[in-house]
Amino acid sequence: MQHAFSCVPGHHLRVPAQVFEQIGGLLCISMRRCLASRREGCVGGRRNGRYDLAGHGSRQRPAQQKEREPALTAGSRSVRRRWRGARCLLGAIRRVEAFHIDWGRGRSAWVRVWDDAGRSGLGEASPMAGGDAALTIVAGPCAAALLGADPLDHAVIHDRLFHRLAKLGPDGAFAAALAAIDIALWDLKGQTLGQPIYKLLGGAWRTELPFYASVGGNAGRGPDEVCRAVERWLALSPALVKIRLDADRTRRDQDLEGDAERIRAVRRLLGDGFPLAFDANNNYSVQGAIRIGRLLEDLGCAWFEEPVQHYHLDAFEKVASALDIPVAAGEQEYTLQGVRRLIDAGVAIVQPDIVKTGGFTGMVRMAALTGAYGVDLVPHQTQPAVGHTANLHFVAALAHAHHPCEWNDPSRTQDAVFRDPVRPHDGRFRLNDLPGLGLQVDEGALQARLRPWPGGNTAAR
Ligand code: CA
């Protein structure tokens, strides 16, 4: 079966039914625009001036999910009828699921949003304390507000929930809940429109993305042990190595000499030219940070991450003003305003996280903010499955991506629920061109690991 459509009166393109189904959502959008501007014949069938979307009128939306139609001119009843039929391709939110995935060691907090056409999108929340608080917020006040909404209204949904429930946040679990919902809605949007998310973000500057090895847990290791950990990563061809201390952040400056030795040892291992960064995980005083920072400059390091407590903006300012090396921070900021304050304090690389900071909707705004200030956006990301893939899509569409993407878990544990997870080859992740996140769920494997969150399955009646 074939369908005909045209954007120019008198010129028709015939396409197979399957392709027509895939582009149906895009036609719906074009049609609305055409109706608004009264340009007859923009989307039509066999005759100039007729809107012909044959085949779609047979699908009916559930009666309870009424929606607004575009403003139509008098005498356009047939157009309105056809618009109703075409619009149903976009679907409304029918079910919201909040659950854990049990990996055996550790768990992830995921959200799945279904529309009434049977499509679904996956999202992930920040995993702090298992993501329990974020799942509670999704399953409670958010889910009820989502049912019946148009998933393409993700930015309106995000901002409406943000303001309606502002006193739950604006940071932490509340922000993580909104992020998980937004990622799921973008995945669903991709499924609906038949496009990968990077395409919906405006197109990819790159679909092959180098990564940096985020090597954690080094505070308790000697220099040789740190080097052994780095060597295991080098087999995967990272574009940069970052050493994280992950020390007790209530005991600052506890081993400055030891930290200096660890960094020098890794520099010797990698050689002078290899990109190296250092993450203090908020473990230094201003004086300690400046001392380590000068060593990092001597060793040619790429950036100095979270040298002081994340809430001490004045301390960031003192450290950044004393050093030439770029100071990085932002994984513990959840709002545009918070990141702007970091930039004002002299932070040159900001690191918001897509599973904490508004999902794609929030990160797009972060990109605009950092672009306006001329600082680098290098997202934080330590969730190896959904969050990681979402981050890759975002960076693919980011114009100024001057550094590789973070990756901290080369185990394949979280691949278990996907048929074709994104894996690196020759030091690069390659995004496919499948719709949404491009993750193909193995439903059997997912259900085997799924642990429902109490009250976390909310559906329209
Ligand atoms: Ca960090």
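Residues take numbers from 1 onward in each chain, read along the sequence in its written order. Since the coordinates come from a predicted model, pLDDT governs what is reported: local features require at least 70, and pairs of side-chain atoms require 80 or more to be given and counted, while whole-chain, interface and lining totals use all residues.

### Concerning the nonpolar core
Ala125, Ala134, Val138, Ala177 and Ala180 are the most contacted members of the largest nonpolar core, which totals 110 residues. Elements are defined by DSSP. Helices are runs of H or I of four residues or more, strands are runs of E of two residues or more, and each kind is numbered from the N terminus. The greatest single-element share of this core, amounting to 14 residues, is contributed by helix α5 (residues 172–193). Built from parts of two domains, this core gets at least three residues from each of domain 2 (93–190 + 446–459) and domain 3 (199–430). Residues in contact with Val138, not counting those within four places in the same chain, are Ala98, Val111, Ala143, Ala177, Ala180 and Ile181. Put simply, a nonpolar core is buried Ala, Val, Leu, Ile, Met, Phe, Trp, Tyr and Cys residues tied into one set by C-beta atoms within 7 Å. Put simply, a residue is buried when 20 or more other C-beta atoms lie within 10 Å of its own C-beta and exposed when 12 or fewer do; between those, it is partly exposed, and each C-beta is set from the backbone. An automatic or database domain assignment provides the domain bounds reported here. For the purpose of contact definition, each residue receives a C-beta atom placed from its backbone, and two residues are in contact when these atoms lie within 7 Å.

### Some words on the packing of helix α3 (residues 132–146) against α5
Between α3 and α5, whose axes approach to 8 Å, the crossing angle comes to 65°. Here α5 runs roughly perpendicular to α3, going by the angle between their axes. Seen from above, α3 lies across α5 with right-handed handedness. Along the contact surface, α3 presents Ala133, Ala134, Ile137, Val138 and Cys142, while α5 presents Ala173, Phe174, Ala176, Ala177, Ala180 and Ile181. Lines are fitted to the C-alpha atoms to define the axes, a helix being fitted only along its stretch in contact, and any angle between axes, read from their N-to-C directions, falls within 0 to 180 degrees. Oblique is the label for every angle not falling under 35 degrees (roughly parallel), over 145 degrees (roughly antiparallel), or within 65 to 115 degrees (roughly perpendicular). The hand of a helix crossing depends on one turn: near helix anticlockwise from the far one by less than a right angle means left-handed, and clockwise means right-handed.

### Considering the environment of Arg365
In this fold, Arg365 is placed in helix α12 (residues 359–373). When the 18 C-beta atoms within 10 Å are taken as the criterion, Arg365 is described as partly exposed. Excluding residues within four positions of it along the chain, Arg365 makes contact with Leu336 and Gly358.

### Digging into the confidence of the model for the protein chain
When the pLDDT values of the protein chain are averaged, the result is 86; 81% of them are 70 or greater. A low-confidence stretch, residues 1–47 stays under pLDDT 50, and its non-local contacts, those more than four residues away or across chains, total 75 contacts. Summary of the metric used: pLDDT quantifies the predictor's per-residue confidence within the range 0 to 100.

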